[in-house]
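The residues making up each chain are set out below.
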Amino acid sequence: MIMTHPGLPYEWAIIICLLMIILIVLALRTSSIYEPRQYSINLVELPVIGPLIKFLTFNSWPLFILKLIVVLLFLFVITAGLFGSPIAERNLATVLTWNLWWTGVIVSVFFLGSAWCAICPWDTIAGWLIRRRLWYRTSSNNSLNLKLPKRLRNIYPALFLLVGLTWLELGFGFTINPYMTAFLGLLIMLLAIFSLAIYENKPFCRFFCPIGRTIGFYSQLAVVELRPIDTDICANCTTLECYYGTETIEPCPTRLVMGRLKQNTYCTSCGNCVQSCSKKNIAWRMRPPTREIAQDARSHWDEAWFMLILLGITSFHGVTMMPFFEKVLSKLGYMINDSGSLLLTFSILLFISLLISLLVYIFFIWLTKILSISPISFKKLFSGFAFTALPLAFVYHLAHNLNHLVRENDGIGQIILNPLGIEAEPLSMMEKHARHTEILLNQDLIFLLQSSLIVFGFWVSLKIIQNRGISLIKINGRYLLPMIMFSVLITGIHLWLLTQPMIMRM
Amino acid sequence: MNIKKMNLIRIFFLTLFCSSAQGHHVLGRPSYSLNEDSTTPPSMQVEVQVGEYYITYMVFPAFPSPNQPGRVNLYASRIDNGEPFQGQVIFKVRDNNWLNKREEVLGIQAVDDNVFRQGFEFQEAGNYIIRAEFESDSESYQIDFPLRIGDASVFGPIGVTVSLIALLLITVNLLQRKKLINAKISPKYRYKDKSL
């Protein structure tokens, strides 16, 4: 029996549509607004929260303790996955990984940026084994420190692995298989260890990790950033401790110079720069979530592909959880004579959906180029406007994950009491119904949050279109209609997906 | 475009769209359920689509132990009209490992109330593959399903991971030592040494 979560009521969808129309009219009537850097607040200066952030970031050991806890949890997940019950809803490995962590980490990005990367167990274990120190810098280590080949110094490896992860997650069903969940965790850990043992710096964090890069791109929309307090101090700095590190503090793992940092994408929030800066000029700051993505972030060809594929994957993720998807999969599988769990058919559908999202974007970019009569190259327009995809993907991802997070985490107490699910029986129909009806938040509040997210994402995308339009081709107003139509189309598809009932994962 | 590239593309499209003429060979994905209204034990269930048929395979109990009798129920119905398969199904079993490919026939079952029921009792714990074979419209169907008896050994992934890490650390260490020795006997190093 398939259990589904109710979709967003149509009244809510109508309200969202009305708000979208108002936002479009406003966007067409107003020009872009530049947000100065002064709008940021230094979090360390705030009461209560300030001292806590200072304590966590200016010392090495609080972060070490957090890392240790996460590593122990990770090892526990591996143990539960390999030695525990194969029943997904009774095993800590699947429940913690897919229901809590994978859904929660995306929600955390908005408030904490890439904070997860700072305590990531894969990088921590790799660091401990290769650097041979629990914390502080060490001169001797177990790395060959080779230079990463030039062809790998881009975001494509992470993009390839992200598509692979989606394929394993949705196509192969890793989310309902504790053993495979543990296996995947070990595989990513091996990738982190091997890349650190062979290459200099941390290529796993910067170029390979699909989770880190997804978090990195989404964190362009975070309300926090790690930046210089006074940019003039960084401009006159000659020692660059953030880049080179000190005798005791490691350099930036992704080789960022804080004085020149404009975007969160590659920052792993490790805090090395905070500790190494001799002028104590780096701090966590609170900022408007639109500033970086709408005006500060620079566009790159490979990053544009990542953002667009991320949008395609996010939408496809939602489609696979619709009750009609199984029928489509089955019919197509029958047509092409596919067998078993229809992996080939699933792969074709994944490929088609990614291709469609790319073609749609390319079509609207082409329209913009024709309308603007600008000499700018197609490649520059493609890269520059790709930021539009990011808030649309992020808000749908959040709205979708909200369902998993608040509707599928009942019974977590039983998992804590019996993490390996020893002797546990599968969920009875009564338990399934109880889990289906017992939700952590009021249903109307969930709908309100989902609706607000969709409107917010649409508003941010309009802001990006306005600002990028001015900076790229010096156009505004009706000339940007093709890109606005792109945003409307994607938001419309996501809104429709949210109004549909969604299949409960486990 | 060179011939190698063209061949690769041809292989890709052949892999995508080719249809197996003789038989179908699959491995499904298991799920577990419990019916509290009956005395039936918890079951493991796999649903797959093979050629012209939807196949549902259930194992009772979900986690059979060595020397414990169990049962496999197999349902096969046509995709186009839902009509159940009425022929015979041969059930075979083999170890789920790469080295041992020896199969044993568990039994040949005729349909009973649209279900093919096959009993089993294994003496040794481990991971097995149950294969159900039948013929329909002159096409042979082979469907493989996993079956775990008792607590199977799961040291494989941990053993492989630990071995790989150990091998990597030793290799890197040896390469570093070699690099260090090379550096020591290089003229640049000797020059430095004299200056001290």
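Throughout, residues of each chain are indexed from 1 in the direction in which the sequence is written. All chains are assigned letters beginning at A, and all ligands numbers beginning at 1, according to the order in which they are written. Restriction of local features to residues with pLDDT of at least 70 applies here, the model being predicted, together with a cutoff of 80 or more for giving and counting side-chain atom pairs; totals for whole chains, interfaces and linings are based on all residues. By convention in this description, side-chain values take in all heavy atoms of the structure and omit both hydrogens and water.

## Regarding a nonpolar patch on the surface
Residue and element names in this part refer to chain A.
And step 1. Residues enter a patch when their relative accessible area is above 30% and they make no salt bridge; the linking distance is 9 Å between like charges and 5 Å between nonpolar side chains (Val, Leu, Ile, Met, Phe, Trp, Tyr). Accessible surface is estimated by sampling points in the Shrake-Rupley manner with a 1.4 Å probe; for residues, cover comes only from the protein chains shown. One side-chain nitrogen of Lys or Arg within 4 Å of one carboxyl oxygen of Asp or Glu is enough to make a salt bridge. Together, Leu-52, Phe-55, Leu-56, Trp-61, Ile-65, Leu-66, Ile-69, Leu-73 and Phe-76 make up an exposed nonpolar region whose accessible area comes to about 770 Å².
And step 2. Examining the composition of the nonpolar patch, we find that 6 residues originate from one element, helix H3 (residues 61–83), more than from any other.
And step 3. Numbering of helices and strands runs from the N terminus; a helix is a DSSP stretch of H or I covering at least four residues, while a strand is a stretch of E covering at least two. Mapped onto the fold, Trp-61 is located in helix H3.
And step 4. The exposure class assigned to Trp-61 is partly exposed, which follows from its relative accessible area of 44%. Buried means the residue's accessible area, taken with a 1.4 Å probe over protein chains only, is under 20% of the maximum for its type, while exposed means over 50%, and partly exposed covers the values in between.

## Points about the pairing of strand E4 (residues 282–286) of chain A
Residue and element names in this part refer to chain A.
And step 1. Most of E4 is tucked away: 4 of the 5 residues are buried.
And step 2. At least two DSSP bridges between two strands are needed for those strands to be called paired. Pairing of strand E2 (residues 41–42) with E4 involves 2 bridges; the strand directions are antiparallel. Residue pairing across strands places Asn-42 opposite Arg-285, the latter belonging to E4.
And step 3. Pairing geometry for strand E3 (residues 224–228) and E4, over 5 bridges, is antiparallel. In the sheet register, Arg-227 faces E4, and the bridge partner there is Ala-283.

## As for the domain arrangement of chain A
All names here are of chain A.
And step 1. Note that the domain bounds were set by an automatic or database domain assignment. Each assigned domain of chain A is listed with its residue range as follows: domain 1 (1–30 + 306–506) and domain 2 (40–286).
And step 2. The contact rule is simple, with two residues in contact once any of their heavy atoms fall within 4.5 Å. On the domain 2 side, the residues contacting the 44 residues of domain 1 number 43 residues.
And step 3. Taken together, domain 1 and domain 2 are joined by 1 salt bridge.
And step 4. Where Glu-431 meets Arg-90, a salt bridge forms, and the shortest distance between an N and an O atom there is 3.0 Å.
And step 5. Within 3.5 Å is the distance limit for a polar contact, defined as a pair of N or O atoms, with the added protein rule that one can donate a hydrogen and the other accept it, and that residues adjacent in sequence qualify only through two side-chain atoms. Applying the counting rule to domain 1 against domain 2 returns 10 residue pairs in polar contact (both at pLDDT 80 or more).
And step 6. Residue assignment for the side of domain 1 that touches domain 2 shows that the elements contributing at least two residues are helix H15 (301–320), helix H17 (343–372), helix H19 (389–407), helix H20 (412–417), helix H21 (429–437) and helix H22 (443–473).
And step 7. Its residues assigned to classes, the side of domain 1 that touches domain 2 comprises 28 nonpolar, 11 polar and 5 charged. Following the grouping adopted for this structure description, the nonpolar residues are Ala, Val, Leu, Ile, Met, Phe, Trp, Tyr, Cys and Pro, the charged ones are Asp, Glu, Lys and Arg, and the polar ones are all others, Gly among them.

## As for the pairing of strand E9 (residues 126–136) of chain B
Residue and element names in this part refer to chain B.
And step 1. Of all the 11 residues making up E9, 9 are buried; the element is thus mostly covered by neighbouring parts of the structure.
And step 2. Here strand E6 (residues 88–95) runs beside E9; their pairing, made up of 6 bridges, is antiparallel. Counterpart to Lys-92 in the pairing with E9 is Arg-131.
And step 3. Note: E9 against strand E10 (residues 139–149), 11 bridges, orientation antiparallel. Bridge assignment links Ser-136 to a residue of E10, and that residue is Glu-139.
And step 4. Where E9 folds back onto E10 in an antiparallel hairpin, the turn is made up of 2 residues, including Asp-137, whose phi is positive at roughly 50°.

## Here we look at the nonpolar core
And step 1. In this structure, Trp-122, Ile-211, Tyr-361 and Phe-385 of chain A are the most contacted members of the largest nonpolar core, which totals 145 residues.
And step 2. Apart from residues no more than four positions distant in its own chain, Phe-385 of chain A is found in contact with Tyr-361, Ile-365, Thr-368, Ile-465, Arg-468, Gly-469, Leu-472, Ile-473, Leu-480 and Met-483 of chain A.
And step 3. The definition of a nonpolar core used throughout is a set of buried Ala, Val, Leu, Ile, Met, Phe, Trp, Tyr and Cys residues joined through side-chain atoms within 4.5 Å. If you look at the next biggest cluster of nonpolar residues, it comprises 30 residues, including Tyr-32, Val-59, Phe-116 and Phe-120 of chain B.

## Considering the sheet that holds strand E2 (residues 30–33) of chain B
As a general point, the strands of a sheet are linked pairwise by backbone hydrogen bonds and lie either parallel or antiparallel.
Residue and element names in this part refer to chain B.
And step 1. Taken in spatial order, the 5 strands make up an open sheet running E2-E3-E4-E5-E8, and their pairing is antiparallel. Each edge of the open sheet carries a strand with a single partner, namely E2 and strand E8 (116–120). Averaged over all pairs of adjacent strands, the angle between strand axes in this sheet comes to 25°, irrespective of strand direction.
And step 2. Here 7 bridges tie strand E3 (residues 43–50) to strand E4 (residues 53–60), and the two strands are oriented antiparallel to one another. Looking at the pairing, Glu-47 lines up with Thr-56 of E4. Helix axes are fitted to C-alpha atoms over the stretch in contact, other axes to C-alpha atoms as well, and angles between N-to-C directions run from 0 to 180 degrees.

## Let's talk about the pattern of salt bridges
Residue and element names in this part refer to chain B.
And step 1. In this structure the tally under the stated criterion is 19 salt bridges over all chains.
And step 2. Here Arg-78 ties to Glu-52 by a salt bridge, and the two come within 3.4 Å at their closest N and O atoms. With Arg-78 in strand E5 (residues 70–78) and Glu-52 in the loop between E3 and E4, the pair connects residues that are 26 residues apart, well separated along the chain.
And step 3. We classify Arg-78 as buried; its relative accessible area is 14%.

## Points about the environment of Gly-318 of chain A
All names here are of chain A.
And step 1. Turning to its location among the elements, Gly-318 is positioned in helix H15.
And step 2. Among the residues examined, Gly-318 registers a relative accessible area of 0% and is labelled buried.
And step 3. Once the C-alpha coordinates of Gly-318 and Thr-4 are considered, the two residues, 314 residues apart in sequence, prove to be 13 Å apart.

## Re the side chain of Thr-181 of chain A
All names here are of chain A.
And step 1. Inspection of the secondary structure puts Thr-181 in helix H8 (residues 178–198).
And step 2. Of the polar contacts made by the side chain of Thr-181, one reaches the backbone oxygen of Phe-174; its length is 2.9 Å.
And step 3. Sequence-distant contacts of Thr-181, that is, excluding residues within four places in its chain, are made with Ala-93, Thr-94, Thr-97, Trp-98 and Phe-174.

## Observations regarding the packing of aromatic side chains
And step 1. Only the six-membered ring of Trp is used, alongside the rings of Phe and Tyr, when aromatic pairs are assigned; centres must lie within 6.5 Å, and planes under 30 degrees apart are stacked while those over 60 apart are edge-to-face, with the rest tilted. The full count for this structure, using the stated rule, is 37 aromatic pairs over all chains.
And step 2. Arranged with centres 4.6 Å apart and planes meeting at 35°, the rings of Phe-85 of chain B and Phe-134 of chain B form a pair that is tilted. Placement of the pair is Phe-85 of chain B in the loop between E5 and E6 and Phe-134 of chain B in strand E9, with a sequence separation of 49 residues.
And step 3. The buried category is assigned to Phe-85 of chain B, whose relative accessible area is 8%.
And step 4. Taking relative accessible area as the criterion, Phe-134 of chain B reaches 3% and is therefore assigned buried.
And step 5. Measuring from centroid to centroid gives 5.5 Å for Phe-120 of chain B and Phe-122 of chain B, while their planes differ by 50°, and the two rings are tilted.
And step 6. By relative accessible area, Phe-122 of chain B is classed as buried at 9%.
And step 7. Clustering of aromatic rings is evident, with ring pairs tying together Trp-301, Trp-305, Tyr-361, Phe-363, Phe-364, Trp-366, Phe-378, Phe-382 and Phe-486 of chain A.
And step 8. By definition here, charges over rings are those cases where NZ of Lys or CZ of Arg is within 6 Å of the ring centre and within 35 degrees of the ring normal. Between Arg-255 of chain A and the ring centre of Tyr-243 of chain A, over which it is positioned, the NZ or CZ distance is 4.3 Å.
And step 9. Over the ring of Trp-301 of chain A we find Lys-379 of chain A; its NZ or CZ atom is 5.1 Å from the centre of that ring.

## Focus: the interface of chain A and chain B
And step 1. Counting from both sides, the interface comprises 44 residues of chain A and, opposite them, 38 residues of chain B.
And step 2. Joining two parts hides part of their accessible area as seen by a 1.4 Å probe, and the buried area is that hidden amount summed over both. Taking both sides of the interface into account, the surface hidden between chain A and chain B amounts to around 3,600 Å²; carbon and sulfur atoms contribute 63%.
And step 3. It is Leu-144, Tyr-334 and Asn-337 of chain A that lose the most area in chain A upon contact with chain B, and together they represent 16% of the buried surface on that side.
And step 4. Inspection of the chain A/chain B interface yields 0 salt bridges.
And step 5. Joining chain A to chain B, the criterion identifies 6 residue pairs in polar contact (both at pLDDT 80 or more).

## Digging into the packing of H22 of chain A against helix H23 (residues 481–499) of chain A
Residue and element names in this part refer to chain A.
And step 1. The geometry of H22 relative to H23 is characterised by a closest axis approach of 10 Å and an angle of 165° between their N-to-C directions. With respect to H23, the element H22 is oriented roughly antiparallel. Note on packing geometry: the crossing formed by H22 with H23 is right-handed. Note on element contacts: H23 touches H22 through Met-483, Ile-484, Ser-487, Val-488, Thr-491, His-494 and Leu-498, opposite Gln-450, Ile-454, Phe-458, Ser-461, Leu-462 and Ile-465.
And step 2. Counted by class, the contact of H22 with H23 contains 8 nonpolar, 5 polar and no charged residues. Small angles under 35 degrees read as roughly parallel and large ones over 145 as roughly antiparallel, with 65 to 115 read as roughly perpendicular and the rest as oblique. Helix crossings fall into two classes, left-handed where the near helix is turned counterclockwise from the far one by less than a right angle and right-handed where it is turned clockwise.

## Concerning the sheet that holds E2 of chain A
And step 1. Spatial strand order, E2-E4-E3 (chain A): 3 strands in an open sheet with antiparallel pairing. Strand pairing shows two members of the sheet lacking a second neighbour, E2 and E3 of chain A, which therefore form its edges.

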